[in-house]
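Overview (structure and organization)
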Amino acid sequence: VPLVESGGGLVQTGGSLTVSCQGSGGTISNYAVGWFRQAAGKEREFVARIHWNGITRQYAESVKGRFAISRVNAKNTVYLQMNSLKLEDTAVYYCATSSFWDVDGWDGWGQGTQVTVSA
């Protein structure tokens, strides 16, 4: 299912921002959805994911306790709420879907949304 990310922007250190990932042309309710990010000059890294049951979640250690992933199936959307943002959170944030939970297999990558954290 093609995905569209939105909600990125410029925010100061310590601030909050919520980015959204919406399915385009199909439902994402039956998929796990993951958020990833890629900073300039670095490889893409995992940030968070949410199971299709809407309950099971997993976070990278670097964002645990600061970020929260959630989904609203009625809106065909997954959100990533980011709090206590740090300079190192600056990156392009991407979402993707997966039919699997125990193995990697991400698909439907969106175009990304830029999040910039300033001092």
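Preceding this section is the structure that the text describes.
On to the packing of aromatic side chains, then. Scanning all chains against the criterion turns up 3 aromatic pairs. Each ring, one from F36 and one from W106, has its centre 5.2 Å from the other, and the planes form 75°; the classification is edge-to-face. Residue F36 is located in strand β4 (residues 32-38), and its partner W106 is located in the loop between β9 (91-98) and β10 (113-118); the two are separated by 70 residues in the primary sequence. With relative accessibility at 8%, the residue F36 sits in the buried group. Here the aromatic cluster, defined as three or more aromatic residues joined through ring pairs, consists of F36, F46, W106 and W109. Just above the ring of W109 sits the side chain of R44; from NZ or CZ to the centre is 3.7 Å. For R49, the ring lying beneath its charged end belongs to W101, and the centroid distance is 3.6 Å.

Within the secondary structure layout, R37 lies in strand β4. Here the side chain of R37 touches E45 through a polar contact of 2.6 Å, side chain to side chain. Among the polar contacts listed, one links the side chain of R37 to the side chain of Y93, at a separation of 3.0 Å. Those residues in contact with R37 that sit more than four places away from it in its chain are E43, R44, E45, V47, S62, V63, F67, E88, D89, A91, V92 and Y93.

Right, let's get into the side chain of R66. Locating R66 in the fold gives a position in the loop between β6 (57-59) and β7 (67-72). In terms of polar contacts, R66 uses its side chain to reach the backbone carbonyl oxygen of S62, at 2.9 Å. Dropping the residues within four chain positions of it, R66 is found in contact with Q81, M82, N83, S84, L85, K86 and D89.

Each value, and the rule that gives it
- Sequence positions are assigned chain by chain, starting from 1 and proceeding in written order.
- Where totals are concerned, whole chains, interfaces and linings use all residues; where local detail is concerned, this predicted model gives features only for residues with pLDDT of at least 70, and gives and counts side-chain atom pairs only at 80 or more.
- Note: side-chain values were computed over all heavy atoms of the structure, leaving out hydrogens and water.
- Aromatic contacts are taken between Phe, Tyr and Trp rings whose centres are within 6.5 Å, Trp giving its six-membered ring; a plane angle under 30 degrees counts as stacked, one over 60 as edge-to-face, and the others as tilted.
- Per the convention used, a helix needs a DSSP run of H or I reaching at least four residues, while a strand needs a run of E reaching at least two, with both numbered from the N terminus.
- Residue burial is assigned from relative accessible area. The probe radius is 1.4 Å, only protein chains are included, and a residue is buried under 20% of its type maximum, exposed over 50%, and partly exposed in between.
- The rule is short: NZ of Lys or CZ of Arg within 6 Å of the ring centre and within 35 degrees of the ring normal puts a charge over the ring.
- A 3.5 Å cut-off defines polar contacts: any pair of N or O atoms within that distance qualifies, except that in protein one atom must be a possible hydrogen donor and the other a possible acceptor, and neighbouring residues in sequence count only when both atoms are side-chain atoms.
- Note on contacts: a residue pair is in contact if any heavy atoms of the two residues lie within 4.5 Å.

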